[in-house]
Amino acid sequence: MNLKRNFVMSLVTCMSFTMAACTKQEAPSPSPTAESNALSYKAGTYEGIGTGMGGEVHVNVTFSDNAIDKIEIGENAETPLISNYALTRLPEDIVKYQSLAVDTVTGATISSYAVISAVSDAVNQAGGDADALKKVAIEKEKQSDEELTTDVLIVGGGLSGMSAAYEAASSGLSTILIEKEEAYGGSSARSGGAVCYATNEDDPKGYFSAEDFYKWFQNMGHGEINDALDKKIAFRSNETVEWMRNEIGYNPAYEMTETFIDGTVARLTNPGSPDEYITGAGGGMMQIFYDKISSTDGIVMMNKTKATELLTDDNGAVIGAVAERADGSKVTIHANAVILATGGWAAGTELMDKWAPGMKKAINLSGVGSTGDGVGLSEKVGAEITYDTPAFAGGVYGPAVATPTNYLLVNGNGERFIAEDEKTCFIMAAMMRDKTGVFYQIYDESETDGMFESADTVIKADSIEELAKATGMDANTLQDTINRYNELKDKEDVDFGKASELMTGIGEGQYYAVPVATYILTAYAGPDITDDCEVLSTEGNVIPGLYGIGELIATNIYGYDDGGHGATLQYCMSTGRIAAEAAKNYIGK
């Protein structure tokens, strides 16, 4: 039998920097005896080891007889920028407070615990009591409420936010950038760091025209995009990469070509390899951006500061925001323009319940800060939110074996819900809306050619009833679904539109259910914008002084589908720069 097969990705054992939110380790105040025992050491320097996202984290801890005197971070492979505060602020706090009950770093919790674990190791080697040190309470003073004024306020410290900040400050606008996490970088720091761009005709490494880039955006959008914005991004992409290299100083070592799903052969600049993405390489990119932005005159950066409300005047124009620091103190920022660069909502439980119940059980690889803040902020001031065409950067994991492409796809109830040969983006959209959040590919033995016999994750049964019981599906519903599927064998699929030659039915013999595990990297749905990134109201009018950029507004760029392939980092930089230019024109400076 000539079976078409596709290879399904096997689940990576180290999930790309999905980190839990920061929480202070609460513990009762220690007794004087416990604290005195904890602060008794054999003086000297000891090496401790903890386990972080990139493997072992080594620290050298120097003790006197009754204190931790110095902590030096040694060999480690943690992601640049994301891990910075874990590797710098935590050692400083441990020495300052002589305690291991320090706050972990939001956005870098695993790296934080690696440092704490490594220091604990050294403490115990030195004859101290690490468990007692974790009970040494820390008291910090709450900061005073503050009121600030600036030309431009940028909410979000990822790639789009930093791009906007640099462009705004370079044009002479005073700029404040706030980031709710302690670690800057956002989802871009977890990316591969590759950037797609159009080349010049005489480029010796190949020509990828701006027109081809624009057409690719159109193909991926399936008619649900901001056409003018996509065209602007594509035709500016070459200049944006030159800006990235010459102004920011990020100059990836490699150039590569990649054939996109629609056949487009695109050009990318890539830091990790001449022919493949290296997950996490974007951390190096974002470190360079952070170093440039944090040293640029006219930019004030404030982390651990979350925008909670946009300020408006009597005419509905946005004139600033109220933000809250991690310690509960308030910052009121008056601004002539506000640029929202808050990322997506893949980590936002409320929006997941509302827009994508089928993804609640998915493997979530998104950044912890992607909770949809910009959606709520903009919606409260009247923004039109597009959520009926949300796209996910994600996909499905299956067994680590080749699987036939012809199968019956059902949900956790045993119901068919889409044509199995549909485009991946539409299958993902259908899965996203399915409330069961559980999916199986169903085969009979004639389709499998024995390939599932050694696959532990594949569920096998001698009858449909047994298969339903093993998977938790309703047996009657699954049988009805299969009966209907068989009625349409070799005929037009009037239910969902699958190609008739693929309507081969489910026959007799052993049956197989292959679990389909969905995963999410990012989630796109947010405010509608103009090609100048101005946020639009529910009436279709521009909300004066408000701009949206980056992943927050990606549904304008991709529609139903996810681009990836370096196009995401390109549009993050491009929309950041476009919004900053538009804000300058709006402010009139």
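Refer to the structure above for everything that follows.
Throughout, a residue's number is its position along its own chain's written sequence, starting from 1. Confidence filtering applies because this is a predicted model: local features only for residues at pLDDT of at least 70, side-chain atom pairs given and counted only at 80 or more, and all residues used for totals across whole chains, interfaces and linings. Values reported for side chains reflect all heavy atoms of the structure, with hydrogen atoms and water molecules removed beforehand.

Enquirer: Give me the lowdown on the overall build of the chain, citing residues and values where you can.
Expert: Helix numbering and strand numbering both begin at the N terminus, where a helix is a DSSP run of H or I of at least 4 residues and a strand a DSSP run of E of at least 2. A count of helices and strands for the chain gives 16 helices and 23 strands. Partitioning the contacts of the chain with sequence separation of at least 6, the portion at a separation of at least 24 is 71%. About 24,300 Å² of surface is accessible on the chain, with carbon and sulfur atoms providing 46% of the total. In this description, contact between two residues means that some pair of their heavy atoms is separated by no more than 4.5 Å. For the area figures, the Shrake-Rupley method with a 1.4 Å probe applies, and any residue is considered shielded solely by the protein chains shown.

Enquirer: Can you break down the sheet that holds strand 19 (residues 459–461) residue by residue, with the values?
Expert: The sheet built from four strands is open, its strands ordered 17-18-20-19 with antiparallel pairing. With partners counted over all chains shown, the strands left at the sheet margins are strand 17 (408–411) and strand 19, one partner each. Across this sheet, the average inter-strand angle for adjacent strands is 25°, counted without regard to direction. Note that strand 18 (residues 439–444) and strand 20 (residues 511–515) share five bridges and pair antiparallel. Any two strands are treated as partners once DSSP identifies two or more bridges connecting them. The axes are straight lines fitted to the C-alpha atoms, using for helices just the contacting stretch, and the angles between their N-to-C directions are given from 0 to 180°.

Enquirer: Could you give me a rundown of the sheet that holds strand 8 (residues 254–259), with the residues and numbers involved?
Expert: Strand order across the open sheet formed by three strands is 7-9-8, with antiparallel pairing between neighbours. The open sheet terminates on both sides in strands that have one partner only, identified here as strand 7 (195–196) and strand 8. Where strand 8 and strand 9 (residues 265–270) come together, six bridges link them in antiparallel fashion. Counted as the bridge partner of E258 is A266 from strand 9.

Enquirer: How would you summarise the pairing of strand 12 (residues 318–325) if you had to cite specific residues and measurements?
Expert: Within strand 12, six of the eight residues are buried, leaving the element largely enclosed by the surrounding structure. Here strand 11 (residues 305–312) runs beside strand 12; their pairing, made up of seven bridges, is antiparallel. If you follow L311 over to strand 12, its bridge partner there is G320. Count of turn residues in the strand 11/strand 12 antiparallel hairpin: five residues, of which G316 carries a positive phi of about 90°. In the sheet, strand 12 pairs with strand 13 (residues 330–340) via five bridges, with the strands oriented antiparallel. Bridging across to strand 13, V322 finds its partner in T332. What sits between the antiparallel neighbours strand 12 and strand 13 is a turn of four residues, in which G328 has the positive phi angle 95°. Burial here depends on accessible area, computed with a 1.4 Å probe over protein chains only, as a share of the maximum for the residue type. Under 20% is buried, over 50% is exposed, and the range in between is partly exposed.

Enquirer: Describe the side chain of S83, with residues and values.
Expert: Here S83 shows up in the loop between strand 4 (68–73) and helix 2 (84–97). In this structure S83 comes out as buried when scored by relative accessible area, which is 2%. Ignoring sequence-local partners within four residues, the contact set of S83 consists of E78, A108 and S111.

Enquirer: Tell me about the packing of helix 5 (residues 159–170) against helix 16 (residues 567–587), and name the residues and values.
Expert: Two numbers describe how helix 5 lies on helix 16: the axes approach to 7 Å, and their chain directions differ by 35°. Note on packing geometry: the crossing formed by helix 5 with helix 16 is right-handed. Facing L159, S160, S163, A164, E167 and A168 of helix 5, the residues of helix 16 in contact are L569, C572, M573, G576, R577, A580 and E581. Polarity classes work like this: nonpolar for Ala, Val, Leu, Ile, Met, Phe, Trp, Tyr, Cys and Pro, charged for Asp, Glu, Lys and Arg, and polar for all others, with Gly in that last group. Per-class residue counts for the contact of helix 5 with helix 16 are seven nonpolar, three polar and three charged. Crossing handedness is read from the near helix: turned anticlockwise from the far helix by less than a right angle, it gives a left-handed crossing, and turned clockwise, a right-handed one.

Enquirer: Go over the packing of helix 7 (residues 227–248) against helix 8 (residues 282–294) with me, naming the residues and quoting the values.
Expert: Packed helices, taken two at a time, are described by the angle between their axes plus the distance between the axes. Taken N-terminus to C-terminus, the directions of helix 7 and helix 8 make an angle of 60°; their axes are 11 Å apart at the nearest point. For the element pair helix 7 / helix 8, the angle class is oblique. In this structure, helix 7 crosses over helix 8, and the sense of that crossing is left-handed. In contact with W243, M244, E247 and I248 of helix 7, helix 8 contributes M285, I288, F289, K292 and I293. Each residue belonging to the contact of helix 7 with helix 8 can be placed in one class, and the counts come to seven nonpolar, no polar and two charged. Between 65 and 115 degrees an angle is taken as roughly perpendicular, under 35 as roughly parallel, over 145 as roughly antiparallel, and anywhere else as oblique.

Enquirer: So what's going on with the pattern of salt bridges? Residues and values would help.
Expert: A side chain with one charge can pair with a side chain of the opposite charge if their charged atoms come near. Put simply, a salt bridge is a Lys or Arg side-chain nitrogen that is within 4 Å of an Asp or Glu carboxyl oxygen. Applying the stated criterion across every chain, the model contains 21 salt bridges. Measuring nitrogen to oxygen at the nearest pair gives 3.2 Å for the salt bridge that ties E242 to R245. Of this pair, E242 and R245 both sit in helix 7, three residues apart, roughly one helical turn. Look at R245 and you get buried, because its relative accessible area is 18%.

Enquirer: Would you mind going over the packing of aromatic side chains in detail, with residue names and values included?
Expert: By convention, a stacked pair of Phe, Tyr or Trp rings (six-membered ring in the case of Trp) has centres within 6.5 Å and planes under 30 degrees apart, an edge-to-face pair has planes over 60 apart, and any other such pair is tilted. Scanning all chains against the criterion turns up 11 aromatic pairs. Between F417 and F439, the ring centres sit 5.6 Å apart and the planes meet at 50°, which makes this aromatic pair tilted. Here the residue F417 occupies a position in the loop between strand 17 and helix 11 (424–433), and F439 occupies one in strand 18, the gap between them amounting to 22 residues. Of the aromatic side chains, those joined through ring pairs into one cluster are F208, F213, W216 and F217. Two thresholds decide whether a charge sits over a ring: the Lys NZ or Arg CZ must be within 6 Å of the ring centre and within 35 degrees of the ring normal. Lying across the ring of F235, K231 places its NZ or CZ 5.9 Å from the centre.

Enquirer: Describe helix 8, naming the residues involved and giving the relevant values.
Expert: Between the first and last C-alpha of helix 8 there are 18 Å, a value that for 13 residues agrees with the 18 Å anticipated at 1.5 Å per step. G282, G283, M285, M286, Q287, F289, Y290 and I293 are the residues of helix 8 that are buried. Each element contacted by the buried residues of helix 8 is listed here: helix 2, helix 5, strand 7, helix 7, strand 10 (299–302) and helix 16. Here the expected span of a helix is defined as 1.5 Å times the quantity of residues minus one.

Enquirer: So, unusual backbone geometry: which residues are in play, and what are the values?
Expert: In this structure, K304 takes a positive phi of about 50° despite not being glycine. Its place among the elements puts K304 in the loop between strand 10 and strand 11. On the accessibility criterion, K304 (32% relative accessible area) is partly exposed.

Enquirer: Please give an account of helix 11 that cites residues and values.
Expert: Side chains that are three or four residues apart share a direction in an α-helix, a result of its 3.6 residues per turn. Burial runs high along helix 11: seven of the 10 residues are buried. Every buried residue of helix 11 is accounted for by C425, I427, M428, A429, A430, M431 and M432.

Enquirer: Please set out the side chain of T481 residue by residue, giving values where relevant.
Expert: Tracing the chain through its elements places T481 in helix 14 (residues 475–487). On the accessibility criterion, T481 (13% relative accessible area) is buried. What qualifies as a polar contact is a pair of N or O atoms within 3.5 Å, subject to a donor-acceptor requirement within protein and to the restriction that residues adjacent in sequence count only when both atoms come from side chains. There is a polar contact of 2.6 Å between the side chain of T481 and the backbone oxygen of G414. Beyond its immediate sequence surroundings of up to four residues, T481 is in contact with L408, V410, G414, E415 and R416.

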